[in-house]
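# Structural overview for review
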Amino acid sequence: MNSIQYDFRPDNFQLSDPNQYDLANLKAEEMIISIGPQHPSTHGVLRLEVISDGELIVDVVPHLGYLHRCFEKHAQSLPYNQIIPYVDRLDYMASMNSEHAYVMGIEKMLGITGTLPKRIEYIRVLVAELNRIASHFVAVGTYGLDIGAYTPFLWLMRDREHIQRLLEWLSGARMLYNYVWVGGLFYDLPVGFEERTAELIPVLKNTIQEVQQIVEGNSIFIKRTANVGVLPLNLAINTGCTGPVLRGSGLAFDLRRVDGYSVYPELEFDIPVGAGLHGQTGDCWDRNHVRVLECIESIRIIEQCLEALTGVHKRTKEFNPQEFVPKKIRPAAQDIYVRAENPKGELGFFIRADGKSDIPARMKVRACSFHHLSLIPDLAKGAYLADLVAIIGSMDLVMGEVDR
């Protein structure tokens with residue numbers, strides 16, 4: 001038996017993930033720095049090939065392909081209803097939102113959009129907005145951590161844990177819920193869920209106010225984020241940016257308003273946009289600020305949902321959230337694309353059905369983090385190396401939906 005299990009070769013790394021730049025082609029004062037792939041700061045398994053001239057960034061090349069979810073291939077070998085647990089693992093910080101987008105696509109293929117009981121729709125929006133706040137709390141908290149603010153991260157993680165416990169009480173799972181089903185829900189809200197959620201709202205409001213005062217108004221935070229990573233609106237539009245990244249550049253584009261899906265047209269909420277309060281419109285400070293304001297708007301939506309779920313659409317003994325869940329999903333032959341406003345931006349599903357099978361013939365995901373990741377070279381060129389971490393964090397990337 002050969003005792004040597006691994007034969008070290010110095011060129012293994014270069015062969016497995018070749019750099020775009022070669023040392024022989026660099027100027028005398030330039031050097032290659034490999035940042036990642038590790039979780040802190042790069043927000044996932046992302047490797048950045050950075051060409052630097054001292055502390056100044058000359059170029060950045062994002063290298064993808066370390067997570068290997070294989071979602072699209074898995075989806076083409078599973079029945080439509082069994083794909084939902086895999087959808088959870090795309091943006092694992094916002095699984096409820098991702099489930100909502102996917103399920104709306106299948107319901108559109110079956111022709112049952114808009115026919116479900118309003119209680120089901122209000123519950124879907126309620127859990128999606130709770131998950132939106134939880135996702136933004138991670139984004140804002142870890143962003144402060146990236147720059148050096150530790151305490152707000154602990155505050156936001158503490159309150160996010162309360163939301164996670166509510167959703168775990170609802171679905172039985174901590175982060176990957178499989179709760180929103182085609183044609184309905186896994187189960188109705190537990191008795192007392194509405195009251196517990198209402199009790200949490202003042203806590204969330206207080207924490208958001210503290211973050212605004214201690215983080216957003218902090219002179220060090222402003223110096224690290226204002227006028228850094230400025231994203232012009234025309235560049236944001238042309239590169240397919242969506243969500244807080246696009247709205248941070250000043251455009252009030254939100255699919256909850258533009259497409260008006262589910263019961264969002266019946267709800268009142270504003271669309272926050274960047275306004276360059278401390279620097280230029282579209283800088284890192286604006287993108288973070290938009291997420292903070294969106295948490296406040298999500299609380300408004302949650303309060304309206306709770307009012308509907310305890311009033312006009314309150315629970316009854318006759319209500320069955322699985323009443324309209326189809327036993328077999330076999331849509332007619334068609335191609336559809338459906339999208340929804342996830343916390344990070346537009347999540348879209350292209351689905352092709354052949355009309356003969358309960359397994360999709362083709363599944364393609366439009367992931368917002370992929371588009372936002374492509375912007376990093378444009379935003380980082382000419383910036384300081386220390387600003388690169390601030391730029392990455394302001395994008396709120398999740399690699400689960402990038403390497404799919």
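Above this text sits the structure in question.
This text gives an overview of the structure that appears in the document. (Residues numbered from 1 in each chain as written. Predicted model: local features only at pLDDT ≥ 70, side-chain atom pairs only at ≥ 80, totals over all residues. Heavy atoms only, no water.)

Within the protein chain one finds 15 helices and eight strands. Over its C-alpha atoms the protein chain spans a radius of gyration of 22 Å, differing by no more than 12% from the 22 Å that the globule rule assigns to 404 residues. Each of the three principal axes of the protein chain carries a C-alpha extent, and together these read 75 × 60 × 45 Å. The 404 residues of the protein chain split such that 53% are buried. Partitioning the contacts of the protein chain with sequence separation of at least 6, the portion at a separation of at least 24 is 71%. One way to put it: in the protein chain the 40 positive side-chain charges average out to a point 5 Å from where the 50 negative ones average out. (Helix = DSSP H or I, 4+ residues; strand = E, 2+ residues; numbered from the N terminus. Rg over C-alpha atoms; globule rule 2.2 N^0.38 Å. Buried < 20%, exposed > 50% of the residue type's maximum accessible area, 1.4 Å probe, protein only. Contact = heavy atoms within 4.5 Å. Lys, Arg positive; Asp, Glu negative; His and termini not counted. Charge placed at Lys NZ, Arg CZ, Asp CG, Glu CD.)

Looking now at the sheet that holds strand β7 (residues 345-353). With antiparallel pairing, the three strands of this open sheet are ordered in space as β6-β7-β8. Two strands in the sheet have a free side with no partner beyond their single neighbour: β6 (334-342) and β8 (362-366). With strand direction ignored, the average angle separating the axes of adjacent strands in the sheet is 15°. Pairing between β7 and β8: five bridges, direction antiparallel. By the bridge assignment, Phe349 is partnered in β8 with Val365. Sheet contacts for helix α4 (residues 95-110): β6, β7 and β8; angle to β6, the most-contacted strand, approximately 150°. (Pairing = 2+ DSSP bridges. Axes fitted to C-alpha atoms, helices over the stretch in contact; angles between N-to-C directions.)

Moving on to the packing of aromatic side chains. Scanning the entire structure with this criterion turns up nine aromatic pairs. Following the ring pairs from residue to residue traces out a cluster consisting of Phe71, Tyr102 and Phe349. When the ring centre of Phe269 is taken as reference, the NZ or CZ atom of Arg257 above it lies at 3.9 Å. (Phe/Tyr/Trp six-rings, centres within 6.5 Å; stacked < 30°, edge-to-face > 60°. Lys NZ or Arg CZ within 6 Å of the ring centre and 35° of its normal.)

This part takes up the pairing of strand β3 (residues 56-63). In terms of strand pairing, strand β2 (residues 47-53) meets β3 through seven bridges, oriented antiparallel. When the bridges of β3 are listed, Leu48 appears paired with Pro62. Joining the antiparallel neighbours β2 and β3 is a turn of two residues, in which Gly54 adopts a positive phi near 65°.

Let us now look at the packing of helix α12 (residues 284-309) against helix α15 (residues 385-395). The N-to-C vectors of α12 and α15 enclose an angle of 30°; their axes lie 9 Å apart at closest approach. The angle between the axes of α12 and α15 places the two elements in the roughly parallel class. Crossing geometry of α12 relative to α15 is assigned as left-handed. Contact with α12, carried on its side by Cys284, Arg287 and Arg291, involves Ala390, Ile391, Ser394 and Met395 of α15 and no other residues of that element. Residues that form the contact of α12 with α15 fall into these classes: four nonpolar, one polar and two charged. (Parallel < 35°, antiparallel > 145°, perpendicular 65-115°, else oblique. Left-handed = near helix turned anticlockwise from the far one by under 90°. Nonpolar A, V, L, I, M, F, W, Y, C, P; charged D, E, K, R; others polar.)

Further remarks concern the side chain of Glu30. Topologically, Glu30 is positioned in strand β1 (residues 30-35). In this structure, Glu30 is buried with no salt-bridge partner, the nearest side chain bearing the opposite charge being Lys27 at 4.7 Å. Those residues within four positions of Glu30 in sequence are excluded, and the remaining contacts are Ile51, Ser52 and Val58. (Salt bridge = Lys/Arg side-chain N within 4 Å of Asp/Glu carboxyl O.)

Taken in spatial order, the three strands of this open sheet run β1-β2-β3, and their pairing is antiparallel. Every interior strand has two partners, whereas the edge strands, β1 and β3, have only one. Going from strand to strand, the sheet's axes swing by 20° on average, the running direction of each strand aside. For β1 and β2, the ladder comprises six bridges, and the chain directions are antiparallel. Its bridge partner being in β2, Met31 is matched across the sheet by Ser52. Across the sheet, α15 touches β1, β2 and β3, and the angle it forms with β2 is around 150°.

With that settled, the discussion passes to α4. Along an α-helix, residues three or four positions apart point the same way, because every turn accommodates 3.6 residues. Look at α4: 23 Å from first C-alpha to last across 16 residues, which is about the 22 Å you get at 1.5 Å a residue. Most of α4 is tucked away, with 14 of its 16 residues classed as buried. (Expected span 1.5 Å × (residues − 1).)

Here we come to a nonpolar patch on the surface. Together, Leu145, Tyr150 and Leu154 make up a nonpolar patch on the protein surface, roughly 290 Å² of accessible area in all. With respect to the secondary-structure elements, Leu145 resides in helix α5 (residues 118-147). In this structure Leu145 comes out as partly exposed when scored by relative accessible area, which is 32%. (Patch = residues over 30% accessible without salt bridge, like charges linked within 9 Å, V, L, I, M, F, W, Y side chains within 5 Å. Areas by Shrake-Rupley, 256 points an atom, 1.4 Å probe, with all protein chains shown as cover.)

This brings us to the nonpolar core. Core analysis: the biggest nonpolar cluster contains 106 residues, and Tyr102, Tyr179 and Phe349 have the highest contact counts within it. Sequence-distant contacts of Tyr102, that is, excluding residues within four places in its chain, are made with Tyr80, Ile83, Ile84, Val87, Phe349, Ile351 and Met363. (Core = buried A, V, L, I, M, F, W, Y, C linked by side-chain atoms within 4.5 Å.)

As a further point, take the state of the cysteines. Defined simply, a disulfide is a covalent bond joining two cysteines at their sulfur atoms. Taken as a whole and assessed by the stated rule, the structure comprises zero disulfides. Unpaired in terms of disulfides, Cys241 finds its nearest cysteine sulfur in Cys368, a separation of 9.9 Å. (Disulfide = S-S within 2.5 Å.)

Our next topic: α5. With 30 residues, α5 extends 43 Å between its outermost C-alpha atoms, agreeing within 8% with the 44 Å of an ideal straight helix rising 1.5 Å per residue. Within α5, 27 of the 30 residues are buried, which leaves the element mostly enclosed by the surrounding structure. Taken from the residues just after α5, Gly148 is the one with a positive phi, measuring 125°.

The values are spatial; any link to function lies outside them.
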